[in-house]
Amino acid sequence: MFEALPAKGVPGEQILDELSGLRRADLPTHGGRLFAYVYDPALDGLDELAQAAHAISAHVNGLDPTAFPSLLAMENALVGAASQLLGGNDETVGSVTSGGTESLILAVKAARDSRPELTTPRLVVPSTAHAAFAKAAHYLRVELDVVPVGADLRADPEATAAAITRDTVLVAASAPSYAHGVVDPIPQLAATAAARGVRFHVDACFGGWVLPYLRRLGADLPPFDLSVPGVTSISVDLHKYAYAPKGVSILLHRTETLRLPQYFAFAGWPGYTMINPTISSTRSGGPIAAAAATLRHIGDEGYLDLARSTRDAVEILSTAVTETAGVRLFAPPETTIVCLAADASTSTPALAPATTGIDIFVLADELAARGWHTQPQMAFGELPPTIHLTVTAAVAPTAKEFAADLAAAVTATRERGPAELPAPLVEAAAALTPEMITPELVAGLAEGLGLGAGDFTQMAAVNSLLNVVPPALREALLTGFLSLLQRPTPPA
Ligand SMILES: Cc1ncc(COP(=O)(O)O)c(C=O)c1O
């Protein structure tokens, strides 16, 4: 038990030991075996450099750049680098935010507040757009118009055009989408939005720092950045493929006029006049300095090398999937994501997966048992459940091992058969509606599914159950479960 406020202070060395002990329960952030959450370039000395840079600026406050010009200089340098990489010019401006979600919320806010005359502002996105757009719409009270993607999993320009109304303040699409790693047809979509006089945002949070390098290496990817006419803003997370520690993303706007409504300004109180480009007011300089040091250390040539290793790793992993009977590539591995499905996976989610296909959730557990931590994705509409692999440069040295383990994991999955759920639990779940979810009910379900002890290594049964319940119920159940986990530590 980690006690944050002991009666007497504890020596630093002991605390660091304790923190290291806690960290041992985590998934491995380095070593190329975790395919979500983390981005690892596997460069010697980079962590130490970023930590030292973070320490130099940890107490600097981004609230007031006139008080801390060091932070302003670093932010302007980061925005300048992003602009240079993503087709900006001398009119381009931008902001440093805390992450992709914040960049997207701010892109939506800027668009919404540029049209104050509208009572019901609307946002048009493809069904594969990141969940952060739904969050932005929810927080900002903007109506979300979700357009189904085509059979190729890409945004459909014609359907998008049809969804734009007089109330649309923003159209957005991904480069690439998180779930499948495919790039939406940005030039066509941007032209469609521009023809209607509507802002168009490219969510390149995931791929914005690697796509330009993949293109330089010859990848056949469409233009996706500010060089494309009609693109009015673009976001790129530095804590993803720029390999900076967590907490930094960039939101670029084509012009200053487009950015202005992103700011929040308030002088109507007795304290300081608050002018914020971002959601947070006080902001630590630590992550910004760490990102600045990371970019400067890796450099343009370094990023090109990292993109090359990543591309090679993607190729090895995709080939492994293609050559393993029982699984298939679900989307073309054209960027840095490998998305796989069971060979005979059907579009209709069913508790017992098609008898000819393996259970993808059991496969995820079998891969985890072999030290490969993947991200299962639930069935969505017509799409079957899949396994997502975010591939980073650190995967290159281990990718070859994956092929043999994948084959073994698929064989074991077939032998195990589909995840088994206690029948009473399935019946109980089938009768539930989101309104019925209480903390007690969630605690009982968690206990019944073996999650009470905090062991999350065998998740197939849980995932199978979540896969078949309606999305609104899944949201309520997982909210309840997270709330169950997020309880204050009792006094020692
Ligand atoms: C395409 C895309 N957009 C937005 C986000 C949200 O980023 P964050 O988790 O940094 O808020 C992600 C995260 O994976 C992403 O892949």
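Residues numbered from 1 in each chain as written. Predicted model: local features only at pLDDT ≥ 70, side-chain atom pairs only at ≥ 80, totals over all residues. Heavy atoms only, no water.

Caption draft 1: The arrangement of the site of the ligand in detail. The immediate surroundings of the ligand are formed by 13 residues, with Gly100, Thr101, Asp203, His239 and Lys240 found nearest. One of the side-chain nitrogen or oxygen atoms of Asp203 is found 2.7 Å away from a nitrogen atom of the ligand. Measuring from an oxygen atom of the ligand, one finds a side-chain N or O atom of Lys240 at 3.0 Å. If the ligand stood free it would expose 390 Å²; the protein chains cover 84% of that surface. The element that contributes the greatest number of residues to the shell around the ligand is helix α4 (residues 100-113), accounting for three residues. Of the residues assigned to the shell around the ligand, the class counts are five nonpolar, five polar and three charged. (Near = heavy atom within 4 Å. Polar contact = N/O pair within 3.5 Å; in protein donor to acceptor, adjacent residues only side chain to side chain. Areas by Shrake-Rupley, 256 points an atom, 1.4 Å probe, with all protein chains shown as cover. Helix = DSSP H or I, 4+ residues; strand = E, 2+ residues; numbered from the N terminus. Nonpolar A, V, L, I, M, F, W, Y, C, P; charged D, E, K, R; others polar.)

Caption draft 2: Geometry of the sheet that holds strand β10 (residues 327-329). Strand order across the open sheet formed by four strands is β10-β11-β13-β12, with antiparallel pairing between neighbours. Each having just a single partner strand, β10 and β12 (375-377) make up the two edges of the open sheet. For this sheet the average axis-to-axis angle between neighbouring strands, irrespective of direction, equals 30°. Taken together, the four bridges between strand β11 (residues 337-342) and strand β13 (residues 386-390) define a ladder with antiparallel strand orientation. Within β13, the residue paired with Cys339 across the bridge is His388. Contacting β10, β11, β12 and β13, helix α11 (residues 360-369) runs over the sheet at an angle of about 40° to β13. (Pairing = 2+ DSSP bridges. Axes fitted to C-alpha atoms, helices over the stretch in contact; angles between N-to-C directions. Contact = heavy atoms within 4.5 Å.)

Caption draft 3: A look at the environment of Asp167. Structurally, Asp167 is set in the loop between α6 (157-163) and β4 (168-174). Between the alpha carbons of Asp167 and Arg141 there is a distance of 13 Å; along the sequence they are 26 residues apart.

Caption draft 4: Quick look at helix α7 (residues 186-195). If you check which residues of α7 are buried, you get Ile186, Leu189, Ala190, Thr192 and Ala193. The buried side chains of α7 occupy one side of the element, clustering within an arc of 155° when seen end-on. Packing partners of the buried residues in α7 comprise α6, β4 and β5 (199-203). Immediately beyond the C-terminal end of α7, within one or two residues, lies Gly197, with a positive phi of roughly 70°. (Buried < 20%, exposed > 50% of the residue type's maximum accessible area, 1.4 Å probe, protein only. Arc of directions from axis to C-beta.)

Caption draft 5: Representation of the environment of Asp305 in the model. Its place among the elements puts Asp305 in helix α10 (residues 286-323). Exposure remark for Asp305: the relative accessible area of 42% places this residue in the partly exposed category. The spacing of Asp305 and Leu238 is 67 residues in sequence and 17 Å in space, taken between C-alpha atoms.

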